[in-house]
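Next come the chains, spelled out residue by residue.
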Amino acid sequence: MAQDAIRLDGKVVLITGGAGGIGWATAQRMAQRGARVAIADIAFDRARELAETLPGALAIALDLEQADSIEAMIAGTVAHFGRLDVLHNNAALLGPDIAQQDGDIEHMATALWDRTYAVNVRGTMIGCRAALPHLRVSGGNIVNTVSNLALQGHIIQAAYSSSKAAIIQMTRAIAASHGIHGVRCNAVAPGMTMTPALREAFPPQLREAVEGETLRPQLGVAEDIAEAVAFLASDAARNITGQVLVADGGCASHVPGLAAFRAFFSGDAFQGVGH
Ligand SMILES: NC(=O)c1ccc[n+]([C@@H]2O[C@H](COP(=O)([O-])OP(=O)(O)OC[C@H]3O[C@@H](n4cnc5c(N)ncnc54)[C@H](O)[C@@H]3O)[C@@H](O)[C@H]2O)c1
């Protein structure tokens, strides 16, 4: 393997939700590594503004609820750059208004469930379906952004979390079917990641609760997820496929209740425990 296999020189990378916190950090990191980047987002004006700051980048209007919009995104990227090497399915149905409606199953509105699945699951599937013929040609790969909520139960966001779990299984299905064609497919599962949108919207006391369960001294930021995506997308990860890379500061790796245990063992009698 080339020493600089982590680089993305010559590769064309398409990022959905590229105008958002994690998507934009990923676009910048991929471009730094030599990729030519297409930024697709429903917030097209913002995507265009951002693309203008990255040499050679392309902005694309995308609505993941519309199959023809997704297919046009793939076709437009290939028409512009002549190839597609990486599809990063990063956009999702998000926002405080959506999160507020997305609680437990007993109180779930069918319309919200359907919309969540339309954007997150069907949108991802259609993007992958349209991209795969091009990825077979380039020997490329797909990186799907899921969530730590897809891996553990919670009292919030039953629709969002189960839609992300469906994307994990789609990741494995694509990896299994298309590995033989030289196409890889992986997922990155961020834990709570301090993007500008989340910093604004997330209640501070809940943020502190998550911080208390994080093994690192602080929560991750968008650049941490960008780094994981850029690695999986690169040739350095050529033997990795069908996997979920959890990038959550170790939140999901331990027995629950860590914050309370830290507090309990913080006295002198327990020096050496949790220090
Ligand atoms: N930030 C976190 O704590 C966190 C944690 C776990 C997983 N994630 C996942 O990371 C990904 C990025 O999240 P983020 O925190 O950067 O959010 P964000 O809100 O900053 O960015 C999401 C982007 O997706 C775009 N988008 C939304 N609906 C769309 C649609 N129908 N069509 C096209 N684009 C659409 C938005 O305009 C936005 O630019 C998401 O898949 C999210 O589920 C984030």
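Refer to the structure presented above.
So, here's what we can say about the structure. Model, not experiment: these values are computed from the prediction.

Procedures and definitions
Residues numbered from 1 in each chain as written. Predicted model: local features only at pLDDT ≥ 70, side-chain atom pairs only at ≥ 80, totals over all residues. Heavy atoms only, no water. Helix = DSSP H or I, 4+ residues; strand = E, 2+ residues; numbered from the N terminus. Polar contact = N/O pair within 3.5 Å; in protein donor to acceptor, adjacent residues only side chain to side chain. Contact = heavy atoms within 4.5 Å. Buried < 20%, exposed > 50% of the residue type's maximum accessible area, 1.4 Å probe, protein only. Lys, Arg positive; Asp, Glu negative; His and termini not counted. Salt bridge = Lys/Arg side-chain N within 4 Å of Asp/Glu carboxyl O. Pairing = 2+ DSSP bridges. Axes fitted to C-alpha atoms, helices over the stretch in contact; angles between N-to-C directions. Near = heavy atom within 4 Å. Areas by Shrake-Rupley, 256 points an atom, 1.4 Å probe, with all protein chains shown as cover. Nonpolar A, V, L, I, M, F, W, Y, C, P; charged D, E, K, R; others polar.

As a further point, take the side chain of Asn141. Position of Asn141 among the secondary structure elements: in strand E5 (residues 141-145). Polar contacts involving the side chain of Asn141 include one to the main-chain carbonyl oxygen of Ala233, which spans 2.9 Å. If near-sequence neighbours (up to four positions away) are discounted, Asn141 is found in contact with Asp85, Val86, Leu87, Leu135, Val183, Arg184, Leu232 and Ala233.

Counting through the fold element by element, Arg184 comes out in strand E6 (residues 184-190). Although Arg184 lies buried, it forms no salt bridge, and the closest oppositely charged side chain, Asp235, sits 5.3 Å away as judged by the N-O distance. Within the structure, the side chain of Arg184 is placed 2.8 Å from the backbone oxygen of Leu232, a separation counted as a polar contact. In terms of polar contacts, Arg184 uses its side chain to reach the backbone carbonyl oxygen of Ala237, at 2.9 Å. If we skip the residues at most four places from it in the chain, Arg184 touches Gly140, Asn141, Ile142, Leu232, Ala233, Ser234, Ala237, Arg238, Ile240 and Thr241.

Strand order in this open sheet of seven strands is E3-E2-E1-E4-E5-E6-E7, and the pairing throughout is parallel. The open sheet has two edge strands, strand E3 (58-61) and strand E7 (244-247), and neither has a second partner. Taken over all neighbouring pairs, the strand axes of this sheet differ in orientation by 20° on average, direction set aside. Of the strand pairs in this sheet, strand E1 (residues 12-16) and strand E2 (residues 36-41) are connected by five bridges, and their pairing is parallel. Residue pairing across strands places Leu14 opposite Ala38, the latter belonging to E2. Those strands touched by helix H6 (residues 158-178) are E5, E6 and E7, and its axis lies near 155° from that of E6.

Another point: the environment of Gly212. Here Gly212 is to be found in helix H8 (residues 204-213). Classification of Gly212 by relative accessible area gives buried; the value is 15%. Spatially, the C-alpha atoms of Gly212 and Ala259 are 4.8 Å apart, while their sequence positions differ by 47 residues. Excluding residues that lie within four positions of it along the chain, Gly212 makes contacts with Leu258, Ala259 and Arg262.

In this section: the site of the ligand. Of all residues adjacent to the ligand, which total 26 residues, the nearest are Asp41, Asn90, Tyr160, Lys164 and Thr193. The separation between an oxygen atom of the ligand and a polar main-chain atom of Gly21 is 2.8 Å. Measuring from a nitrogen atom of the ligand, one finds a backbone N or O atom of Leu62 at 3.5 Å. Isolated, the ligand exposes 830 Å² of accessible area, and the fraction of that covered by the protein chains is 87%. For the shell around the ligand, the secondary structure elements donating two or more residues are helix H1 (21-32) and H6. Taken together, the residues that form the shell around the ligand break down as 14 nonpolar, nine polar and three charged.

Here we come to the pattern of salt bridges. Should the charged atoms of two oppositely charged side chains come close, the side chains can pair. Overall, the coordinates contain 10 salt bridges when judged by the stated rule. Arg33 serves as the salt-bridge partner of Glu227, at 2.5 Å between the closest nitrogen and oxygen. With Glu227 in helix H9 (residues 222-233) and Arg33 in the loop between H1 and E2, the pair connects residues that are 194 residues apart, well separated along the chain. Salt bridges sharing common partners tie together Arg29, Arg33 and Glu227.

Shape is all these values report; function is a separate question.
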